[in-house]
Amino acid sequence: MVESNKERLGAPLIKALGIHLLVAMLLFVSFSKAPEFEPAKPIVQATLVQLNSKSPATTQTEQRIAGEAERTAAQRHEAEELAKEQQKRQQEQEAARAAEQQRQAEQQRQAEQREAAAAAERAAQEQKAAEERRQAEQVERQKAEEARRAEAARRLAEEEAKKKAAEEEAQRKAAEEARKREEEARRRAAEEAKRKQEAEAKAEAERVARLQREQEEARARALADLLAEETQYQRAQADQIGDQVAASYDDVIRRYVSEQWRRPPTARNGMVVEVRISMLPTGDITDVVVLRSSGDVGFDQSAVQAVRNVGRIPEMQQLSRENPAAFDRMYRQRTLRFKPEDLDF
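Residues numbered from 1 in each chain as written. Predicted model: local features only at pLDDT ≥ 70, side-chain atom pairs only at ≥ 80, totals over all residues. Heavy atoms only, no water.

The protein chain appears in an unreviewed UniProt entry as Cell envelope integrity protein TolA from Halopseudomonas formosensis. The UniProt entry for the protein chain carries the following comment under Subcellular location (unreviewed entry): "Membrane". (UniProt positions renumbered as here; feature names shortened; annotations may be inferred.)

The next thing to look at is the pairing of strand β2 (residues 285–292). The sheet contact formed by strand β1 (residues 273–279) and β2 spans 6 bridges and is antiparallel. In the strand pairing of β2, arginine 276 is matched with valine 289. Where β1 hands over to β2, the hairpin turn is made up of 5 residues, of which glycine 283 adopts a positive phi near 95 degrees. (Pairing = 2+ DSSP bridges. Helix = DSSP H or I, 4+ residues; strand = E, 2+ residues; numbered from the N terminus.)

On to the environment of glutamate 200. Relative to the helices and strands, glutamate 200 resides in helix α2 (residues 56–226). Separated by 89 residues in sequence, glutamate 200 and valine 289 have C-alpha atoms that sit 10.0 Å apart.

Let us now look at the pattern of salt bridges. Pairing between side chains becomes possible if they bear opposite charge and their charged atoms approach one another. Overall, the coordinates contain 27 salt bridges when judged by the stated rule. Taking the shortest distance from any N to any O, the salt bridge between arginine 109 and glutamate 106 comes out at 2.1 Å. Taken together, the residues span about one helical turn, with arginine 109 and glutamate 106 both in helix α2 at a distance of 3 residues. When its relative accessible area of 34% is taken as the criterion, arginine 109 is described as partly exposed. A salt bridge links arginine 195 to glutamate 192, with the nearest nitrogen and oxygen atoms 2.6 Å apart. Of this pair, arginine 195 and glutamate 192 both sit in helix α2, 3 residues apart, roughly one helical turn. (Salt bridge = Lys/Arg side-chain N within 4 Å of Asp/Glu carboxyl O. Buried < 20%, exposed > 50% of the residue type's maximum accessible area, 1.4 Å probe, protein only.)

All right, on to the packing of aromatic side chains then. Per the counting criterion, the structure on display carries 2 aromatic pairs. Ring geometry for tryptophan 261 against phenylalanine 299: centres 6.1 Å apart, planes inclined by 90 degrees, an arrangement best described as edge-to-face. With tryptophan 261 in the loop between α3 (232–260) and β1 and phenylalanine 299 in helix α4 (residues 297–310), this residue pair connects regions lying 38 residues apart in the sequence. Judged by relative accessible area, which is 0%, phenylalanine 299 ranks as buried. (Phe/Tyr/Trp six-rings, centres within 6.5 Å; stacked < 30°, edge-to-face > 60°.)

The next thing to look at is the environment of arginine 321. Locating arginine 321 in the fold gives a position in helix α5 (residues 315–322). The spacing of arginine 321 and proline 281 is 40 residues in sequence and 8.0 Å in space, taken between C-alpha atoms.

Turning next to the nonpolar core. Grouped together as the largest cluster of nonpolar side chains are 30 residues, with contacts concentrated most on Ile253, Ile277, Met279, Ile313, Met316 and Tyr331. Of all the elements in the fold, those that place two or more residues in this core are α3, β1, β2, α4, α5, α6 (324–330) and β3 (333–338). If one sorts the elements of this core by residue count, α4 sits on top with 6 residues. In contact with methionine 279, other than residues within four places in its own chain, are Ile253, Asp284, Ile285, Thr286, Ile313, Met316, Phe327, Tyr331 and Arg332. (Core = buried A, V, L, I, M, F, W, Y, C linked by side-chain atoms within 4.5 Å. Contact = heavy atoms within 4.5 Å.)

The residue serine 258 is located in helix α3 in this model. Only 2.8 Å separates the side chain of serine 258 from the backbone oxygen of arginine 255, close enough to count as a polar contact. (Polar contact = N/O pair within 3.5 Å; in protein donor to acceptor, adjacent residues only side chain to side chain.)

All right, on to the sheet that holds β2 then. Strand order in the open sheet formed by 3 strands is β2-β1-β3, with antiparallel pairing between adjacent strands. Unpaired on one side and paired on the other, β2 and β3 mark the two borders of the sheet. Ignoring which end each strand starts from, the neighbouring axes of this sheet average 25 degrees apart. Pairing analysis gives 6 bridges linking β1 to β3, with the strands arranged antiparallel. Opposite serine 278, over in β3, you have glutamine 333 as the bridge partner. Helix-sheet contacts for α4 involve β1, β2 and β3, and the interaxial angle to β2 is about 165 degrees. (Axes fitted to C-alpha atoms, helices over the stretch in contact; angles between N-to-C directions.)

Encoded structure:
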């Protein structure tokens, strides 16, 4: 568009320059060929005197004056023509100056138009650049906003995760506390059951012991009646033989129990537990209870369970056949002491 404006403005400019150049050449030629006029002679003013008669001299003078007047009129006419010519040249010069001013004004206008077009183009470019900057800034702002939103979402997710972890930790602690309370309740219940069992076992042991004492006293009274005539020596021999038999059969019972015993992790050498074993003449074990604890429940229960696992001791049947009184006195109910080092063969 700028090139087309230049082409449209170039043709009139060339024409104006050509016209001004032609006018300048004509002025130069007219000035070089202008005629030179003689300086005007002063006009002779004469006062005519009315004479009654004219002499030849007077007539000649009048003729000379008339000639001078004609020449003065001719000179005036030439002066007027010259003035007209000068005025015409002045008008042409003024026209040339006006044309030059118009040309310069046209050039100025065209320059201003070009400047305006250039300014408009620069403004358009600047506006385009500003629009591009604005769009770039908008894109940057959008990216910053998206980054800010992403950061906010990440922080919110982290907070939610921390909150969830804290809730899970609180739930875990609550469950752990509940489990501990439940275990404590079970432990207390087990201890209470143990104490109750021990109390019952103790009461049963006292009852059985009382019954045993009563039976032994009855047997003793019967034996005293039957053996009233025997000597003290015979009774001492019988007691000695009974102690030997008891020691032998106690070893048999420990052997059977040690075969069934499984050492618990808490068992330590030096522990001692006393249990009371109830048996039939056939050797069948009918009951076993703890009379005195070792202080370790695991070891006590392992000893009781081992006796129960034995179930029957066949050797006791022979003793009951050969010496029923000795069986009833010593093994109907027998109290034995177990130690880990005795059982762990």
